[in-house]
Amino acid sequence: MRRRILLVVGGALLALVLAGAAFGAALLATAPGRDAVRRYAVRALQDQIDGSVSIGAIGGSLWRTVEARDVLLATRDGRPAIRVGRLRVGFALSDLVRKRYVFRSVELVRPTLVLEQGADGRWNVEHLFKLLEPKHGPPGSRPLVDLWGVRLRDGTLILRQRAGGGRVRERTVLGLDLDLARLRASHPDSAAIVAEVDRLAGRLSDPALVVTKAGGDVALEGDSLRFDLDHFELPGTRAALAGRVRWGGARTALDLSVNARRFSFADLAGAAPTLPRTGGGRLVLRARLLESGAAEYDVREFAIETGRTAASGRVRVTTGERGGLSIRAMDVALVPLDFAALAPFVDSLPVRGLVRGRVRGAGALADLAVDADLAFTDEAVQSRPTNVVIGRGRLGLGGQEQLVFHRLVLQRGEFDLGTVRRFAPVVSLLGRLAAAGTLTGPWRNATFEGTLRHLMPAEPALGVSIVRGTVHLALADTVRIDADVTADSLSFDLLARSYPAIPLKGMVAGPVHVHGPARALELDASLAGPAGAFAGRGAVGAGDSVVTVRGAGTVQGVDARAHVAAAPPTVLSGAWAAELTVPLADAGAPTTGTV
């Protein structure tokens, strides 16, 4: 009997519960029931924030899913902070009863988040969610808040940050699409917020950047953000990013690794406007920005192409706490480099053309050890000659002098005199100049010690002039030359090719001393050859269209016919004096003066 009574009573109670549940479900399915839930949700949210909440409508089964429309959270002064066009969330009542906030199939359509920094330096969301208020009572354990299958469509992020002088810098992300396999917002055993990103896309305004696809793992814990994105794609870029950002110290610290299998300069134009607008390449980079202000950039591999420029290699540079760039290691191949590509980084370039070869170096910019093997095609000269530099040593870059040779050993230098003339217009010699020796001093006030060879490769019969010694060249408003050399061979035939009005031929050798400005050089020479000896002292002036020669000296056993084609055979000894004007512009004009 008791068993029967219990069964009847139990059945009646179960029927009552089911009837109550059915009545509740029916009530919630009605407009008044849903509106009651909406008002309850507004009051619950209102208690958690310092601001206002509005929800346009609530729908869904309310047992397994909730759908809210036109959700708005605003700060106390009525400024919108969070707006969502439509929000849909799936859940299990059993999780909520156990205070496990596990949600599935979370969908947000047209959400907008406004992050605005106030005059006090605090952000609007800090005030909105009462994050600045002191905590009261014993600390409680963190609840489990886990979102699975999050989809965000057509989102907008607006960031308004205070800058100097009261200015506000606004940056936006538009068209934000986000798919998360999981978002763990809270966990009893961890303070980290963890996201598993399947897809991220959006358009950033400042700097201008279009992310077409990104995915990987992201974790936010305290004042640091860790990320490992196995794919990060811009329209023409495919890369993987990993690293950590920490902003709790005196400066924001960054440790970033980039492996760009392919990148496009056009994708980076908004972030780095000085970079080329065309071309691209590949890049493997690790960058570290330290709290102290120092930084290290390790480009472990790069290969770029833009316009006529192609380069590859590796570079590792560091900057100190107070600035100052230092190259720890550099090995770069240029195949070639178009000097025009450097124009955005250099105020003015005195050269135009292509450079091919390899450069290695290490050290501070003020004292950089280099090893270079380069060939430069000078496109500023009509014949487009190629100049060669093979050398190693130390030099300084930057500062008022721009380029300083501390001691650069020039193992092989070959220069077209048309290129030399662009930097020193008073040099009117034709042909090429080969050099081997050392360079010291600023490039506009440099000293060369070694061997110089002057030749005309197309006319080998003219011979070669070879001098050894020291030459100092100062390139200022007035070009100055100071040379103490010994001529192993000095070809008058070669000089006559540059100065047709000089009727000399043959070869001589001996010491030569030249000092003074190019327009008034003091010359002291003692030369000898098969046709006799010559010594003299005087001045040579280089003008725009003529060269003036004034001097005196002695001759010893000179056969004039060996040096002047129209002269008879002679054996001259004695003193000489001359004052001549040699035309440059008109090759047919005669030399005038007295001898």
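The rules behind each value
Within each chain, residue numbers correspond to sequence positions counted from 1 in written order. Per-residue local features are limited, in this predicted model, to residues with pLDDT of at least 70; the limit for side-chain atom pairs, both in listing and counting, is 80 or more; totals at the level of whole chains, interfaces and linings are taken over all residues. Where side-chain values are given, they derive from all heavy atoms of the structure, hydrogens and water being excluded. Salt bridge, as applied in this entry: a Lys or Arg side-chain nitrogen positioned within 4 Å of an Asp or Glu carboxyl oxygen. The buried label applies to any residue whose accessible area, calculated with a 1.4 Å probe on protein chains only, is under 20% of its type's maximum; exposed applies above 50%, and partly exposed to all values in between. Strand pairing requires that DSSP identify at least two bridges connecting the strands. Helix numbering and strand numbering both begin at the N terminus, where a helix is a DSSP run of H or I of at least 4 residues and a strand a DSSP run of E of at least 2. Note on aromatic pairs: the rings of Phe, Tyr and Trp (six-membered ring only in Trp) are paired at centre separations within 6.5 Å, and the planes decide the class, stacked below 30 degrees, edge-to-face beyond 60, tilted for the rest. Geometrically, a charge over a ring is one whose NZ (Lys) or CZ (Arg) sits within 6 Å of the ring centre while staying within 35 degrees of the ring normal. What makes a patch is a set of residues exposed beyond 30% relative accessible area and free of salt bridges, joined within 9 Å when like-charged and within 5 Å when nonpolar (Val, Leu, Ile, Met, Phe, Trp, Tyr). Residue exposure ignores everything except the shown protein chains as possible cover, and the areas themselves are Shrake-Rupley values with a 1.4 Å probe.

Chemist: Is there a simple way to think about the pattern of salt bridges in this case?
Modeler: In a structure, side chains of opposite charge can pair up when their charged atoms sit close to one another. Counting across every chain of the model gives 33 salt bridges. Between Arg69 and Glu67 there is a salt bridge, with the nearest N and O atoms lying 3.0 Å from each other. For Glu67, a relative accessible area of 19% gives the class buried. Salt-bridge contacts for Arg412 lead to Glu414; the nearest nitrogen and oxygen are separated by 3.0 Å. The class for Arg412 is partly exposed, based on a relative accessible area of 38%.

Chemist: I keep staring at the pairing of strand β16 (residues 323-338) and nothing clicks. Help me out?
Modeler: For a regular strand, side chains alternate in direction, first toward one face of the sheet and then toward the other. Judged from the 10 bridges that link them, strand β15 (residues 309-320) and β16 form a sheet pairing that is antiparallel. Paired with Val317 across the bridge in β16 is Ile327. Count of turn residues in the β15/β16 antiparallel hairpin: 2 residues. Where β16 and strand β17 (residues 353-364) come together, 9 bridges link them in antiparallel fashion. Residue pairing for β17: Ile327 is matched across the bridge by Gly363.

Chemist: Just checking my understanding: could you explain the packing of aromatic side chains for this structure?
Modeler: Two descriptors summarise a pair of aromatic rings, namely the distance from one centre to the other and the angle between the planes of the rings. Scanning the model with the defined rule gives 4 aromatic pairs in all. Note on Phe423 and Trp443: the rings are 5.9 Å apart at their centroids and 90 degrees apart in plane angle, and the pair reads as edge-to-face. You can see Phe423 sitting in helix α5 (residues 417-423) and its partner Trp443 sitting in the loop between β21 (432-442) and β22 (445-455), a full 20 residues away along the chain. Phe423 gets classed as partly exposed once you look at its relative accessible area, which sits at 27%. Arg422 extends its terminal NZ or CZ atom over the ring of Phe423, reaching a point 5.5 Å from the ring centre.

Chemist: In this structure, what is going on with a nonpolar patch on the surface? I would like to understand it.
Modeler: Taken together, the side chains of Ile193, Leu220 and Trp247 present a nonpolar region at the surface, about 250 Å² in accessible area. Relative to the assigned elements, Leu220 resides in strand β9 (residues 209-221).

Chemist: How should unusual backbone geometry be read in this particular structure?
Modeler: The phi torsion of most residues other than glycine is negative, and most of the peptide bonds are trans. At the junction of Asp206 and Pro207, the peptide bond is cis and its omega measures out at 5 degrees in the coordinates. Here Pro207 lies in the loop between β8 (193-204) and β9. At the junction of Val335 and Pro336, the peptide bond is cis and its omega measures out at -5 degrees in the coordinates. The topology assignment puts Pro336 in strand β16. Although it is not a glycine, Asp154 sits at a positive phi angle of roughly 55 degrees. Here Asp154 is to be found in strand β6 (residues 144-162). Backbone geometry places Arg384, a non-glycine residue, at a positive phi of 50 degrees. Within the element layout of this structure, Arg384 appears in the loop between β18 (367-378) and β19 (386-398).

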